[in-house]
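Architecture and fold: a report
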Amino acid sequence: MLLSQIIAAIGELNREAMAQAQARVDSLLKPPGSLGRLEELAVQLAGITGRPAPEIRAKSVIVMAGDHGVVAEGVSGAPQEITYQILPRFLDGTGGIGVLGRHVGAKVVVVDIGVAREVTWPGVLVRKVRPGTGNIARGPAMTYDEAVRAVETGIEIAQEEIAQGADLIATGDMGIGNTTPSSAILCALAGIPVAEAVGRGTMVNDAVLARKRAVVAEALRVNRPDPADPLDVLAKVGGLEIAGLAGVILGAAARRVPVLLDGFITGAAALVAAALCPRAKDFMIASHLSEEQAHRHMLAALGLKPLLDMNLRLGEGTGAALAMPVVEAAAKILREMATFGEAGVSDMERDKLL
């Protein structure tokens, strides 16, 4: 099975490359630690890629799209039809990720993994596992086999992008109602109480928020997802785009390519990926802290620190795209910034600077 092969292929960070990168960072023309998180990120990139001086040459944002039967419970203020309608805007450069992907020079890959309608928009990759999930308040989102297929679809998409040259992958999502299954996944895999795990999502007032919390509690009661089996959690209370994104993360990790997480939905996918293979966490970079209240719980469970905090909550991979230049900058300080020796700064002058 592809999934088991990919999990087996995910290795540890390359400690030798990290040691070499750290030694260079410490010798760069600056006071020690003065570039803060950028230095940490540079060393992580060396460990991920296995190269003491990694280079980011091509970037891809993979946006997985899927619909959710749970919208029938009134958990979203937006109609489900928007999932279908907005996809071409991502590709023509007028949607949020279309604009920001173009801004940072990243290829935007849009995948229909579970949109309820037939998708014929030019440029959208149609890899539909099924047309939307079931209503998790009444039963499982999908079958176990469908959950595996969705994860493996994400793995395949990541592999295709990497084969075409991508050496930095960002994750994005589109699916009206998807904060509800994401909250359910957080409850199931991280043990976070429903009241803390469920936020407002998109266009949600107090009445809808209360309904969302009740729906998540009911979904957990009806389906009883097994936290020891992340695929069971996906099948019972997850989403097709969430499963696909978990596969993207695993596929990138197996090929030693850094993967930028976006917000709450991709955080749920990261929880699944980490539960399937804990080593995968080392290959993840948290782009930002979402405005969605429970995102901080996801990042804490993953042991990740966000690069940005800008009150974002759009999804689509927009926060991950914004963080791409930061990742590129971390790689460039290793490749382009001079050391004291290279700059011809003497030990005495160096001591004064430090």
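Criteria and cut-off values
Residues numbered from 1 in each chain as written. Predicted model: local features only at pLDDT ≥ 70, side-chain atom pairs only at ≥ 80, totals over all residues. Heavy atoms only, no water. Core = buried A, V, L, I, M, F, W, Y, C linked by side-chain atoms within 4.5 Å. Buried < 20%, exposed > 50% of the residue type's maximum accessible area, 1.4 Å probe, protein only. Helix = DSSP H or I, 4+ residues; strand = E, 2+ residues; numbered from the N terminus. Contact = heavy atoms within 4.5 Å. 1 Å grid on protein atoms, 1.4 Å probe; cavity = no way out; pocket = protein on both sides within 12 Å on 5 of 7 lines; lining within 4 Å. Points joined across faces, edges and corners; volume = space filled by probe spheres on them. Nonpolar A, V, L, I, M, F, W, Y, C, P; charged D, E, K, R; others polar. Salt bridge = Lys/Arg side-chain N within 4 Å of Asp/Glu carboxyl O. Pairing = 2+ DSSP bridges.

**Here we look at the nonpolar core**
Ranked by internal contacts, the top residues of the largest apolar core, which has 123 residues, are Leu-87, Leu-234, Leu-250, Leu-260 and Met-284. The element best represented in this core is helix α11 (residues 240-254), accounting for eleven residues. Excluding residues that lie within four positions of it along the chain, Met-284 makes contacts with Gln-44, Ile-249, Val-259, Leu-261, Ala-270, Ala-273, Ala-274, Leu-302 and Leu-304.

**Re the layout of surface pockets**
In this approach a probe as big as a water molecule rolls over the atoms, and the regions it shows empty are the leftover space. Of the voids in this model, the second largest pocket is the one considered here, and its volume is about 270 Å³. Taken together, 15 residues form the lining of the second largest pocket, with Arg-37, Gln-44, Met-284, Leu-304 and Lys-305 sitting closest to its centre. Elements that contribute at least two residues to the lining of the second largest pocket include exactly α3 (37-49) and β6 (284-286). Among the elements that take part in the lining of the second largest pocket, α3 stands out by supplying four residues, more than any other. Per-class residue counts for the lining of the second largest pocket are eight nonpolar, two polar and five charged.

**Quick word on helix α13 (residues 295-302)**
Among all positions of α13, only His-295, His-297, Met-298, Leu-299 and Leu-302 are buried. Buried residues belonging to α13 abut α7 (179-190), α8 (194-197), β5 (259-261), α12 (264-276) and β6. Following α13 by one or two positions, Gly-303 has its phi on the positive side, about 70 degrees.

**Digging into the pattern of salt bridges**
Tallying each qualifying case throughout the model produces 16 salt bridges. Note that Asp-112 is salt-bridged to Lys-128, the shortest N-O span being 2.7 Å. With Asp-112 in strand β2 (residues 107-114) and Lys-128 in the loop between β3 (125-126) and α6 (144-163), this pair connects stretches of sequence that are 16 residues apart. Across the pair Arg-130 and Glu-146 runs a salt bridge whose closest N-O atoms are separated by 3.0 Å. Here Arg-130 is found in the loop between β3 and α6, whereas its partner Glu-146 is found in helix α6, with 16 residues between them in sequence. The partly exposed category is assigned to Arg-130, whose relative accessible area is 23%. Classification of Glu-146 by relative accessible area gives buried; the value is 15%. A single network of salt bridges, built from pairs that share partners, joins Arg-37, Glu-40 and Lys-305.

**Quick look at the environment of Ala-23**
Turning to its location among the elements, Ala-23 is positioned in helix α2 (residues 15-27). According to the relative accessible area criterion, Ala-23 is partly exposed, its value standing at 45%. As a C-alpha pair, Ala-23 and Gln-293 span 270 residues in sequence and 38 Å in three-dimensional space.

**Regarding the pairing of β2**
Burial analysis of β2 places seven of its eight residues in the buried class, which makes it a mostly covered element. Looking at chain direction, strand β1 (residues 59-66) and β2 are connected through seven bridges and run parallel. By the bridge assignment for β2, Ser-60 is matched with Lys-107. Note that β2 and β3 share two bridges and pair parallel. Considered in β3, the bridge of Asp-112 is made with Val-126.

**Description of the pairing of strand β4 (residues 168-174)**
Across the seven residues of β4, seven count as buried, placing the element largely inside the fold. By the alternation rule, side chains of β4 split into Leu-168, Ala-170, Gly-172 and Met-174 and Ile-169, Thr-171 and Asp-173, which are all buried. When β1 meets β4, the two strands line up parallel, connected through seven bridges. If you follow Val-61 over to β4, its bridge partner there is Ala-170. Sheet topology note: the β4/β5 ladder contains two bridges and is parallel. For Ile-169, the partnering residue across the bridge sits in β5 and is Val-259.

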